[in-house]
Amino acid sequence: MSGGGGRGEVGVGGRGWRLVRHEGLWLASLVWWVARRRVGVPAGARALPYAGAQAAMLYGLAFVFVVETVGVSVLLRDEPGLHAVMLVVDVYTVLMVLGSQAAAVTRPHVVGADGVVLRDGARMAVRIPLERITSVRYDLRFGRSAREAGAADDGVLELAVGGQTSVTLELAEPIVAVRLLGRRETVRTVRFHADDARGAVRAVREAVREGMREGMADAAA
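Nothing here was measured: the structure is a model prediction, and the numbers come from that model.

Caption draft 1: Structural detail: the sheet that holds strand S8 (residues 184-192). Strand order across the open sheet formed by 4 strands is S5-S7-S8-S6, with mixed pairing between neighbours. Here the strands that pair on one side only, and so sit at the sheet edges, are strand S5 (133-142) and strand S6 (156-159). The sheet shows a mean angle of 45° between the axes of neighbouring strands, taken without regard to direction.

Okay, here's the thing in structure tokens:
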């Protein structure tokens, strides 16, 4: 998603549709996860996984919810109606936690000839043309809180995983990032996490250099 523009909001109906779409994506991600498939990684492109930093936390949460489900089932064994309702809620919660991890595993960041695609699971994806990238560096940081990130208007987008980012991209021209509920942000600095952060830096640099070589060859032809 690129181009100029500023902050913007979508209507209530648009937000509802985005939430429904997000729901469908993480549910589908569970299927792709079991099938060991990755989404949106074309031939010749390089996938940059980032789900490792949150895996332990999400698996731990899923385990806690499973234990809670068993406990609630025992407590409500004499209340079949309420037991059925709580069972549905608890199972859905476990699936939602696993779906969040599945979306991150099956939708990695991607570096290819067309640019860099950075993802936040099923919540958002940002496409950055290679020609707009002026620098890329290893830069380990602990991410801002959701409140700080939402209040900031500094042209910085953070895609933190496990509360951290490890790679920073600086852009020659801004891009527009669209968040889950449709808020549009114009950014010139993007910070994201990759499990192999230094490998990600090398991959982006190589892609940028290759793009420059191809651009010079086309200009000379």
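Caption draft 2: Examining helix H2 (residues 52-75) more closely. Its 24 residues place the ends of H2 35 Å apart at the C-alpha level, agreeing with the 34 Å of an ideal helix rising 1.5 Å per residue. All of the buried residues along H2 are Gln54, Ala55, Leu58, Ala62, Thr69 and Val72.

Caption draft 3: Looking closely at helix H3 (residues 80-106). Its 27 residues give H3 an end-to-end C-alpha distance of 37 Å, which sits within 8% of 39 Å, the value for a rise of 1.5 Å per residue. Of the residues making up H3, those classed as buried are Asp90, Thr93, Val94, Val97, Gly99, Gln101, Ala102, Ala103, Ala104 and Thr106.

Caption draft 4: Representation of the nonpolar core in the model. The biggest cluster of nonpolar side chains holds 28 residues, and the ones touching the most others in it are Leu118, Ile128, Ile133, Leu157, Leu169, Val190 and Val204. Those elements giving two or more residues to this core turn out to be strand S3 (115-119), strand S4 (125-128), S5, S6, strand S7 (164-178), S8 and helix H5 (197-220). Among the elements that take part in this core, H5 stands out by supplying 7 residues, more than any other. Setting aside chain neighbours within four positions, we find valine 204 in contact with Val111, Val116, Ile133, Val136 and Leu169.

Caption draft 5: Up close: the sheet that holds strand S1 (residues 46-48). If you walk across this open sheet you meet the 4 strands as S1-S2-S3-S4, and the pairing is antiparallel. The open sheet is flanked by S1 and S4, the only strands paired with a single partner. Taken pair by pair, the neighbouring strands of this sheet meet at an average axis angle of 15°, ignoring direction. With 3 bridges joining them, strand S2 (residues 109-112) and S3 adopt antiparallel strand pairing. Residue pairing in the sheet places valine 111 in a bridge with valine 116 of S3.

Caption draft 6: View of the side chain of arginine 191. Inspection of the secondary structure assignment puts arginine 191 in strand S8. On the basis of relative accessible area, arginine 191 is assigned to the buried category, the value being 14%. One polar contact links arginine 191 to glutamate 158, side chain to side chain, over a distance of 3.1 Å. Those residues in contact with arginine 191, other than ones at most four positions away along the chain, are Arg141, Val156, Leu157, Glu158, Leu159, Thr165, Val167 and Thr168.

Caption draft 7: Spotlight on the side chain of histidine 22. Looking at the secondary structure, you find histidine 22 in helix H1 (residues 12-34). We classify histidine 22 as buried; its relative accessible area is 16%. The residues contacting histidine 22, other than those within four sequence positions of it, are Ala122, Arg123 and Leu180.

Caption draft 8: Inspection of the pattern of salt bridges at higher detail. Going through the model one piece at a time under the given rule, you end up with 7 salt bridges. Salt-bridge contacts for glutamate 170 lead to arginine 137; the nearest nitrogen and oxygen are separated by 3.5 Å. Taken together, the residues glutamate 170 in strand S7 and arginine 137 in strand S5 connect sequence positions 33 residues apart. The partner of aspartate 139 in a salt bridge is arginine 141, and the shortest N-O contact between them spans 2.7 Å. On the accessibility criterion, aspartate 139 (14% relative accessible area) is buried. For arginine 141, a relative accessible area of 32% puts it in the partly exposed group. When salt bridges that share partners are traced, they join Arg137, Asp139, Arg141 and Glu170 into one network.

Caption draft 9: View of the confidence of the model for the protein chain. Across the protein chain, the average pLDDT comes to 88, with 86% of residues at 70 or higher. Considering only residues more than four positions removed or in separate chains, one finds that residues 1-5, a stretch of pLDDT under 50, has 18 contacts.

What counts and what doesn't
Residues numbered from 1 in each chain as written. Predicted model: local features only at pLDDT ≥ 70, side-chain atom pairs only at ≥ 80, totals over all residues. Heavy atoms only, no water. Pairing = 2+ DSSP bridges. Helix = DSSP H or I, 4+ residues; strand = E, 2+ residues; numbered from the N terminus. Axes fitted to C-alpha atoms, helices over the stretch in contact; angles between N-to-C directions. Expected span 1.5 Å × (residues − 1). Buried < 20%, exposed > 50% of the residue type's maximum accessible area, 1.4 Å probe, protein only. Core = buried A, V, L, I, M, F, W, Y, C linked by side-chain atoms within 4.5 Å. Contact = heavy atoms within 4.5 Å. Polar contact = N/O pair within 3.5 Å; in protein donor to acceptor, adjacent residues only side chain to side chain. Salt bridge = Lys/Arg side-chain N within 4 Å of Asp/Glu carboxyl O. pLDDT = per-residue confidence, 0-100.

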